[in-house]
Amino acid sequence: MATQTPTQETTEFGEVSRLKGIAFKYTSFAASIVGILALGVLLAYVFWDAFGLESAGTTWYLSYTVTLLVPLLAFFAYARTRPDVVAGAFELFSLTLGGVMLTVATVIVLSVIASPPVWFAYFLTVVGPAIGMYVYGQYNREATWVGLGILAAVVVGPVVGTLGLGTFSSLGAMLGAPGIYFLSLVLPGAGMAAFLAHDRLELSKRQSIGIGVGLPVLAIVGVPVVDMVPQIARSVWLIGLVMFGLPVGFTVVNTAQRRERWAAFAFPAIAILGFLLGEFVVGVVGATEPSPWLDWQYVTSGPSISNAAEAGLYPAIIGSVFLIVLVSVFTFVFGVGTAIYLEEYAPATGPLGTITRLVNVNISNLAGVPSVVYGLLGLGIFVNINAQLGPITYAGFGVGTVFTASLTLSLLILPIVVISAQEAIRSVPDSLRQASYGMGATRWQTIRNVVLPRSLPGILTGTILALGRAIGETAPLIMIGAATTKFSPPSGLFSKLTAMPMQIYAWAFQPSPDFRYGVVAAGVVTLLIVLLTMNSVAILVRNKYQQEAH
Amino acid sequence: MSNEGQTPDLTGDRGFRTVRESTYRYALAGCAVLSVLTTVSIIAVLVLDAADFFSVVPIAEFLGGTRFSPNLQPRSFGVLPLILGTLLITIGAAVIALPVGLLTAIYLSEYATQRTRSILKPMLEVLAGVPTVVYGYFAIVYITPALNVALDWLNSTLGLGLPNLGLFNGLSASIVVGIMIIPMVSSISEDAMSSVPDSLRQAGYGLGATKFNVSLRIVVPAAVSGIASSFILAISRAIGETMAVVLAAGSQPPDIPTVQSAFGIPYVAPGDLLGLYTESSATMTVAMIDIASGDISGGSTAYKSLFAIGLTLFVITLAMNVVSDVVASRYREEYE
Amino acid sequence: MTTEDMATETEAQDEADEDSLISTDPGKGGLDENADRGGVTSGKTIIHSRDLDVFYGETQALQHIDLEIPENQVTAMIGPSGCGKSTFLRCINRMNDLIDIARVEGELSFKGKNVYDDDVDPVALRRRIGMVFQHPNPFPKSIYDNVAYGLRTQDKTDDMDAVIEESLKKAALWDEVKDRLDESALDLSGGQQQRLCIARAIAVDPEVVLMDEPASALDPIATSQIEDLIEELSEEYTVVIVTHNMQQAARISDKTAVFLTGGELVEFDDTDKIFENPDSQRVEDYITGKFG
């Protein structure tokens, strides 16, 4: 307050009271972090419960504090002022998690949902031809039919595959699952690796070819080694080699190539060594270990309703993977298609422009419709419907089936995907479009060669974030009659499913504390880890994109 | 140059290329039609089935009834208790989220450094990214017991006679819904405040105003339509929120409090209203989940009431979204 | 319905009654008229506009433009900003079709064929009339792929390496980039990027190259390189250049068209005549800097 004036000579401006301002500043700061703090505390509790940390002894905590926590904190302190190290560590972290998730999802999709021979049939008729034509198109740019050819493979291929399912899958059965995966994953993966090495990591031609040849060789050489470990099937080894090995190998080489990022390797090193050292110390000292609810048994068994120790999330995890795969296909195709049409084709002015504007307003309003109403939509048009169109009877896709659920969730997130894809497309500078049209390119050529490559990272980021929303949605699933508790995973498009959030909902009403504080907490943590992985991959894509755009 | 003097052929290759171009064009247009179809289907499904429902239960009985009991005899489909439940949760959430979100927006837009902002903003987005069923679980297993401990402590130290919370209660549901809509308020309000031109702020500083004065007297009023739009959107989100409320608030609709009268003016005792937060407080969305998890085979009146409630919910949220759009477009016109 | 369809349809209606009046061979009259003015005789008309009006919504951007652009010469369009010179340039290869609200009336013929006829495919037209823009706009691809872009979209992929080398040489860029064709075009300097855009435009062997203030975003050295290049190009191509820089027009062009505010073509003649002894007082005022 304006009471202390040091000397009489100085001009007196007086002092305006800052007290209110300072109080306000800190109040508003407190407001900005109160929600984050509250969520942080809740998350800490749920992790604590899920990993059963309560039962761990003091020595256990001490050991891990010394071997893992302190070194990690030291690393964070070191990295705080070094953005390159942070970026490197973040890339290693998210691509490793992403690789694990991709491997799990692929194993589930290829060997649990579809059997290997069935996958082989569709690989021969759909995936293989499409990849082949794409590669040929990259190699021979004169082939203008490639785009339509891929489209045809995607449309006609499934029909051929379904008609010839018996023949193709018996062919696949002769090869056996490992043989199928070697042909359909490892060999294309080798091509992909060689391409990434040459094109993205800028390795020499010789090195890239070495990597391309090395991957299949490693796959075969690894088989006898893997055979010694009974827990790992040959198929899992081959899938993991491609789905985990490629992203992780990529980020390792990418980090190693940049000197300023080398320190980032300390992060995984500290995490792995710290964990192993901690295990060792705990074993030597004989400390009481925690008894986690979230363990191998949990992710591989069904949802027992009476015995908490035997309860697991397996059918729900499979159901969620099923959903996410189908929803991502539906929303990517239709979402990006809609966004391209609205941004590149639809007229912006005149009477037709009004229609375009209305469609845009409509989409943004759809994004605000409560998810439970989408559930009603699914109930009304996919479940309880009986329409007769001439000879065709449409009676929906069944109560709570995989197909019904994925269509409903797709419609739910479609507006979000469209809006983010529109933003990405709009951010492509108009001068590039003009350049392309000025060279006599057609509209589609301009979209295909200029607009899409430039906006794809933004589109991918938006799609992954929207898929994160879909994977956590529960209300629409309840509305369409998805099972709350199901003891076996869904076996096909038209079998009933449950999903991770459904299972959490079902368990949350269990009165026993083992369920309330243990099993459900483990489910929540599993769901959150999946979401964390998806979001960090999305952020990684966005950051890469922003760097390249500048 | 080779065909000097001749009229050039500019008709182009109308064969393959045209086929390709129009194939893609119509395929993409087909995608865009899907979003329109979605809207049409939502409205058709809701209106048709709701009309079916209203042929059994008159609209007046639905909108004016004070008891909602779709499965127990005597059946009754009064939506008022559900609307009261929705109001309770929404008001509770708004009391938390609106001031917190607004203060957050002011802090981010006026006070925070670039670095703080770049850390806080993504963290705030996480609040909206956590699945709502997880929030419901948090409310039921952590927040309600914690609140009861706090209430006991208050009662014993201050000698108050506050009631304890039930297993399912409106208060914890309001808190989690409030937390999850904070980012909605803060991000849209912050956008509005950031788009207030700097010249206005400088005018304020030039007149000797403090940062506090500039923030509250100049920036906030200038961004008021954006802030209002964010409030409406957040409230609409709270109204439509489902899983957190299903888990935390339970499936029993609140009792409509007795209306007292003093000097001929009807009123409801504030204690009665606040007391409602300690008990189960089913909302419209909860009732829908409740009916759907029992019977979705179709045909029964309870099943059809789903669509009547859904239509009510859809109309309310759509109206709020449209109003929010209109309000927001005003500030865009002002400063962009 | 898209912008292109709409544009073609409205034009079709507008022009329906005019079609019968327009002879199929409008070039002749123009040439005679041109000769009367006593200017250049070496050029044969390649682009001829007759009574061309352009509207953006309600605003008229060009008014009754009559203009003949001679083959294998450099024609400059000058005028104050907003005078419609760029609009005219974009009419020639129908880039205005990409703007929803643009509407074109009248006739603009390329080698005697009205480019606004119904049977003209703007894509085919643009393959014969290339364009270079105000700001260098290379694609975020390699240098090689930038030049190859037009060849690939137009299926002219025979002997592509040779064509690309030839175009880069013509654009006076080959020596600077021959060792790094795989590098991103965005790593080039502004002047190099603009020469790359020129190489990209001429790689598909157009007959006309339109340039919309191609040097306005460049430094003086890069500008003079581009100007030298334009003079060389005019041996093989017809060059139409829009510029706001009168000295530039005087230096490089054979003929100059002066547009003044309101989308009006005030004078069109040999460059020497325009700059030394224009007929119109307004043009003289503009050139001597009294306004604009």
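Every value quoted in this text rests on a predicted model; they were computed, and no experiment measured them.

Further remarks concern the overall build of chain B. What chain B contains, in helices and strands, is 13 helices and 4 strands. Taken over C-alpha atoms, the radius of gyration comes to 27 Å for chain B, far larger than the 20 Å a tight globule of 336 residues would show. Structurally, chain B occupies a C-alpha span of about 105 × 70 × 45 Å along its principal axes. Across the 336 residues that make up chain B, the buried fraction comes to 46%. Summarising the internal contacts of chain B: among those between residues at least 6 apart in sequence, 78% fall at separations of at least 24.

Now for the overall build of chain A. For chain A, the helix and strand inventory stands at 20 helices and 2 strands. Seen through its principal axes, chain A has C-alpha atoms that stretch 95 × 70 × 60 Å. For chain A, buried positions account for 44% of its 550 residues. Put simply, of all contacts in chain A between residues at least 6 apart along the chain, 76% involve residues at least 24 apart.

What follows concerns the domain arrangement of chain A. All names here are of chain A. With domains assigned, chain A is organised as domain 1 (14-50), domain 2 (118-257) and domain 3 (315-550). Computed over C-alpha atoms, the centres of domain 1 and domain 3 are 34 Å apart. Each side of the interface is counted separately: domain 1 has 4 residues, and domain 3 has 6 residues. Its residues assigned to classes, the side of domain 1 that touches domain 3 comprises 3 nonpolar, no polar and 1 charged.

Let us look at the UniProt feature "transmembrane region" (unreviewed entry) in chain B. Residue and element names in this part refer to chain B. When the UniProt feature table is mapped to this numbering, "transmembrane region" (unreviewed entry) covers residues 26-48, 79-105, 126-145, 165-185, 218-239 and 306-328. What you have in residues 26-48 is 100% helix and 0% strand, and the ends, taken at the C-alpha atoms, are 31 Å apart. Helix makes up 96% of residues 79-105 and strand 0%. Its end C-alpha atoms lie 36 Å apart.

Moving on, we get to helix α10 (residues 266-285) of chain A. Compared with an ideal rise of 1.5 Å per residue, which puts 20 residues at 28 Å, α10(A) spans 27 Å between its outermost C-alpha atoms and is within 8% of the ideal. Positive phi appears at A:Gly286, one or two residues downstream of α10(A), with a value of about 75°.

On the side of chain A, 23 residues touch chain C, which itself brings 28 residues to the contact. Secondary-structure elements contributing two or more residues to the side of chain C that touches chain A are α1 (3-15), α4 (122-128), β6 (129-132), α5 (143-153) and α8 (190-203) of chain C. Among the elements that make up the side of chain C that touches chain A, the one with the highest residue count is α5(C) (4 residues). A per-class count over the side of chain C that touches chain A returns 13 nonpolar, 9 polar and 6 charged.

For the rest of this paragraph, the subject is the interface of chain B and chain A. Chain B puts 68 residues into the contact, and the matching count from chain A is 70 residues. The biggest single contributor to the side of chain B that touches chain A is helix α1 (residues 16-56) of chain B, with 20 residues. The class makeup of the residues in the side of chain B that touches chain A is 45 nonpolar, 17 polar and 6 charged.

Tracing the sequence through the fold places A:Val359 in helix α13 (residues 350-366). Expressed as a C-alpha distance, the spacing of A:Val359 and A:Leu342, which sit 17 residues apart in the sequence, is 8.6 Å. Beyond its immediate chain neighbours, meaning those up to four positions away, A:Val359 contacts A:Leu342, B:Ala32, B:Ser35 and B:Val36.

Moving on, we get to the nonpolar core. General note: in soluble globular proteins, nonpolar side chains tend to be found buried as a group. Counting 290 residues, the largest nonpolar core has B:Tyr137, B:Ala139, B:Val176, B:Ala244 and B:Leu247 as the members making the most contacts within it. A total of 17 residues in this core trace back to one element, the largest contributor, which is helix α20 (residues 513-549) of chain A. Here this core spans two domains, since at least three of its residues come from each of domain 1 (14-50) and domain 3 (315-550) of chain A. One finds A:Phe123, A:Phe182, A:Leu238 and A:Ile239 within the second-largest nonpolar core, a separate group that totals 29 residues.

Do not read the predicted coordinates in detail wherever pLDDT is low. Summarising the model, chain A shows a mean pLDDT of 87, and 95% of its residues fall at 70 or more. Confidence, read as mean pLDDT per element, is least for strand β1 (residues 387-389) of chain A in chain A (76) and greatest for helix α15 (residues 402-426) of chain A (94).

On to the environment of A:Asn365. Checked against the element boundaries, A:Asn365 lands in helix α13. A:Asn365 sits in the partly exposed class, given 16 other C-beta atoms within 10 Å. In this structure, the C-alpha to C-alpha distance between A:Asn365 and A:Pro415, residues 50 residues apart in sequence, is 8.6 Å. When residues no more than four places from it in sequence are discounted, the contact partners of A:Asn365 are B:Leu318, B:Asn321 and B:Val322.

A separate point is the pairing of strand β2 (residues 59-70) of chain C. All names here are of chain C. Of the strand pairs in this sheet, strand β1 (residues 45-56) and β2 are connected by 8 bridges, and their pairing is antiparallel. Within the sheet, the bridge partner assigned to Thr45 lies in β2 and is Pro70. Turn length for the β1-β2 hairpin, with the two strands adjacent in sequence and antiparallel, is 2 residues, and the turn residue Gly57 shows positive phi of about 60°.

This part is about the pairing of strand β7 (residues 208-212) of chain C. Residue and element names in this part refer to chain C. Of all 5 residues in β7, 5 are buried; the element is thus mostly enclosed. With burial as the criterion, each face of β7 is covered, one bearing Val208, Leu210 and Asp212 and the other bearing Val209 and Met211. Sheet topology note: the β6/β7 ladder contains 4 bridges and is parallel. Of the residues in β7, the one forming a bridge with Ile129 is Val208. As paired strands, β7 and strand β8 (residues 238-242) are joined by 5 bridges and run parallel to one another. Residue pairing for β8: Leu210 is matched across the bridge by Val240. In terms of handedness, the path from β7 via helix α9 (residues 220-233) over to β8 forms a crossover that is right-handed.

With that settled, the discussion passes to the environment of A:Pro490. All names here are of chain A. With respect to the helices and strands, the residue Pro490 is situated in the loop between α18 (475-479) and α19 (500-508). For the pair Pro490 and Phe397, spaced 93 residues apart in sequence, the C-alpha to C-alpha distance is 15 Å. Excluding residues within four positions of it along the chain, Pro490 makes contact with Ile318, Gly319, Phe322, Val402, Ser495, Lys496 and Leu497.

Here the focus is the packing of helix α3 (residues 83-113) of chain A against helix α9 (residues 245-257) of chain A. Residues and elements named next belong to chain A. Where α3 meets α9, the axes come as close as 8 Å, and the angle between the chain directions of the two elements is 170°. As the angle between them shows, α3 and α9 are arranged roughly antiparallel. Counted together, Gly88, Glu91, Leu92, Leu95, Thr96, Gly98 and Gly99 of α3 and Pro247, Val248, Thr251 and Thr255 of α9 form the full contact between these two elements. Along the lines of polarity and charge, the residues of the contact of α3 with α9 split into 4 nonpolar, 6 polar and 1 charged.

Cut-off values and rules
- Residues numbered from 1 in each chain as written.
- Chains lettered and ligands numbered in written order.
- Predicted model: local features only at pLDDT ≥ 70, side-chain atom pairs only at ≥ 80, totals over all residues.
- Helix = DSSP H or I, 4+ residues; strand = E, 2+ residues; numbered from the N terminus.
- Rg over C-alpha atoms; globule rule 2.2 N^0.38 Å.
- Buried ≥ 20, exposed ≤ 12 C-beta atoms within 10 Å, placed from the backbone.
- Contact = placed C-beta atoms within 7 Å.
- Domains from an automatic or database assignment.
- Nonpolar A, V, L, I, M, F, W, Y, C, P; charged D, E, K, R; others polar.
- UniProt positions renumbered as here; feature names shortened; annotations may be inferred.
- Expected span 1.5 Å × (residues − 1).
- Core = buried A, V, L, I, M, F, W, Y, C linked by C-beta atoms within 7 Å.
- pLDDT = per-residue confidence, 0-100.
- Pairing = 2+ DSSP bridges.
- Right-handed = clockwise from strand over helix to strand, strands pointing away.
- Axes fitted to C-alpha atoms, helices over the stretch in contact; angles between N-to-C directions.
- Parallel < 35°, antiparallel > 145°, perpendicular 65-115°, else oblique.

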